[in-house]
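Summary of structural features
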2 protein chains.
Amino acid sequence: MVNYPDGRKSTVSTVRVAAGRRGMELEKEINLTNDYYLSQDKAVIHKKPTPVTIVQVDYPARNKAKITEAYFKVPSTTDYNGIYRGKYIDFEAKECRSRTSFPLKSIHPHQLEHLKSVTRHGAVAFVIIRFIEYDETYLIDAMEMISRIASDARSSIPYSWFRDCGHLIPSTYLKPVDYLHTVDEVYFKENN
Amino acid sequence: MVNYPDGRKSTVSTVRVAAGRRGMELEKEINLTNDYYLSQDKAVIHKKPTPVTIVQVDYPARNKAKITEAYFKVPSTTDYNGIYRGKYIDFEAKECRSRTSFPLKSIHPHQLEHLKSVTRHGAVAFVIIRFIEYDETYLIDAMEMISRIASDARSSIPYSWFRDCGHLIPSTYLKPVDYLHTVDEVYFKENN
């Protein structure tokens, strides 16, 4: 921990809030990028709504339904899908706060199973992982990630592997996570 | 309305409950069919979660989040998408209680815009409409439906049009709404 020059310690709670805020950044930036792709008619890719189980709905006024009890569900698929260059696109996006490795518990086994299965059907399927501390966002082909997980019993993948096997996603003002640029390089090389 | 032989009128409320229950049937049957397709590795097609705006979340216990205030959002895309035969599949499903016509207010303009846009990118896009009273479920190509809507100022499409331009979807025990059978006929004729 870096202390102030006068010896005060920086408060942990501030750090937590900042990291928490940043925790939403990747999703927000991908959504902005998807909006831009849509506005340019480049691709139609959306984030799926967060799956919830709705238990109780009140109707305080005509035509106004208020959900008063609901719970988060474990997602059975990935967060994003859509169509690009006539191909079905499917991916999951995760942020990683560690400087050294990506913990596998961040991705549900269901989601890996889903990525495997859409790949078998001809999808362009991948994972986007952002290392917050390095401000680096990688695209990793789903099957490469799945093979890596199968080949090693550890519960995390070291950062160095992403540097070697991942593809760095560029960022611009209008396309904060321009992953289709990387998709073009990785999956459509011959057509470019 | 059909009355009992002794002259009593059948109660409207009973009819409403029955129709209400049936109102969920199409979604349930499509989900069952999708589960079957998935189990056979024929296609990976899922219903998207209902979009809600979450306002308040309580944590009554560690690791247990309870949503206590949320609202339904107008969907900006369709309910179902996925991959089949390497193609991106996208559709919306609606039930219709009228015997004479399908009211267009059942489908949001956003959803039609979405179907148009995925079609442009090479999707297999359609609408599934069930006429509850006839127990008939039709698949209609998205662009055919959109052209029909554009060609006529009326706020509904007559049932007869669905008989002429729609494709009746078969139903079996394991595949209550076997729409991929119809997709094969309509979109993959040459390959069959």
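So, a few notes on the structure that sits alongside this text. (Residues numbered from 1 in each chain as written. Chains lettered and ligands numbered in written order. Predicted model: local features only at pLDDT ≥ 70, side-chain atom pairs only at ≥ 80, totals over all residues. Heavy atoms only, no water.)

Turning next to the sheet that holds strand 2 (residues 52-61) of chain A. Across the sheet, four strands lie side by side as 2(A)-3(A)-3(B)-2(B); this open sheet has antiparallel pairing. Looking at the sheet topology across the chains shown, the edges are occupied by strand 2 of chain A together with strand 2 (52-61) of chain B. If you compare each strand with its neighbour and ignore which way they point, the axes differ by 25° on average. (Pairing = 2+ DSSP bridges. Helix = DSSP H or I, 4+ residues; strand = E, 2+ residues; numbered from the N terminus. Axes fitted to C-alpha atoms, helices over the stretch in contact; angles between N-to-C directions.)

Residues and elements named next belong to chain A. With the rule as written, the count across this model stands at 27 aromatic pairs over all chains. An aromatic cluster is present here, built from F102, F131, Y134, Y138, Y159, W161 and F162 joined pairwise through their rings. Lying across the ring of F188, R85 places its NZ or CZ 4.7 Å from the centre. (Phe/Tyr/Trp six-rings, centres within 6.5 Å; stacked < 30°, edge-to-face > 60°. Lys NZ or Arg CZ within 6 Å of the ring centre and 35° of its normal.)

Turning to the packing of helix 3 (residues 109-120) of chain A against helix 4 (residues 142-150) of chain A, a few remarks are in order. All names here are of chain A. Contact geometry of helix 3 with helix 4 gives a least axis separation of 10 Å together with a crossing angle of 130°. When the axes of helix 3 and helix 4 are compared, the pair comes out oblique. As helix 3 packs across helix 4, the resulting crossing turns out to be left-handed. Residues L112, L115, K116 and T119 of helix 3 touch helix 4, and the partners they reach there are A142, M143, I146 and I149. (Parallel < 35°, antiparallel > 145°, perpendicular 65-115°, else oblique. Left-handed = near helix turned anticlockwise from the far one by under 90°. Contact = heavy atoms within 4.5 Å.)

In this section: the nonpolar core. Of all hydrophobic cores here, the largest spans 48 residues; its most connected members are F162 of chain A together with F162 of chain B. Dropping the residues within four chain positions of it, F162 of chain A is found in contact with F102, I129, F131, Y138, I140, M145 and I157 of chain A. (Core = buried A, V, L, I, M, F, W, Y, C linked by side-chain atoms within 4.5 Å. Buried < 20%, exposed > 50% of the residue type's maximum accessible area, 1.4 Å probe, protein only.)

Counting from both sides, the interface comprises 35 residues of chain A and, opposite them, 35 residues of chain B. Summing both partners gives a buried area of about 2,900 Å² for chain A against chain B, and 66% of it is carried by carbon and sulfur. Taken together, chain A and chain B are joined by two salt bridges. For R120 of chain A, the salt bridge identified is with D41 of chain B, shortest N-O distance 2.9 Å. Contributing elements (two or more residues each) for the side of chain A that touches chain B: strand 1 (43-47), strand 2, strand 3 (64-72), strand 4 (80-84) and helix 3 of chain A. Broken down by element, the residue count for the side of chain A that touches chain B peaks at nine residues, all from strand 3 of chain A. Note: strand 3 of chain A against strand 3 (residues 64-72) of chain B, four bridges, orientation antiparallel. Each bridged residue has a counterpart across the sheet, and for I67 of chain A the counterpart in strand 3 of chain B is A70 of chain B. (Buried area = accessible area lost by both parts, 1.4 Å probe. Salt bridge = Lys/Arg side-chain N within 4 Å of Asp/Glu carboxyl O.)

A separate point is the environment of V127 of chain B. Residue and element names in this part refer to chain B. Note that V127 resides in strand 7 (residues 124-131). Note on V127: relative accessible area 1%, which makes it buried. Not counting residues within four places of it along the chain, the set of residues in contact with V127 comprises E92, I107, L115, Y138, L139 and I140.

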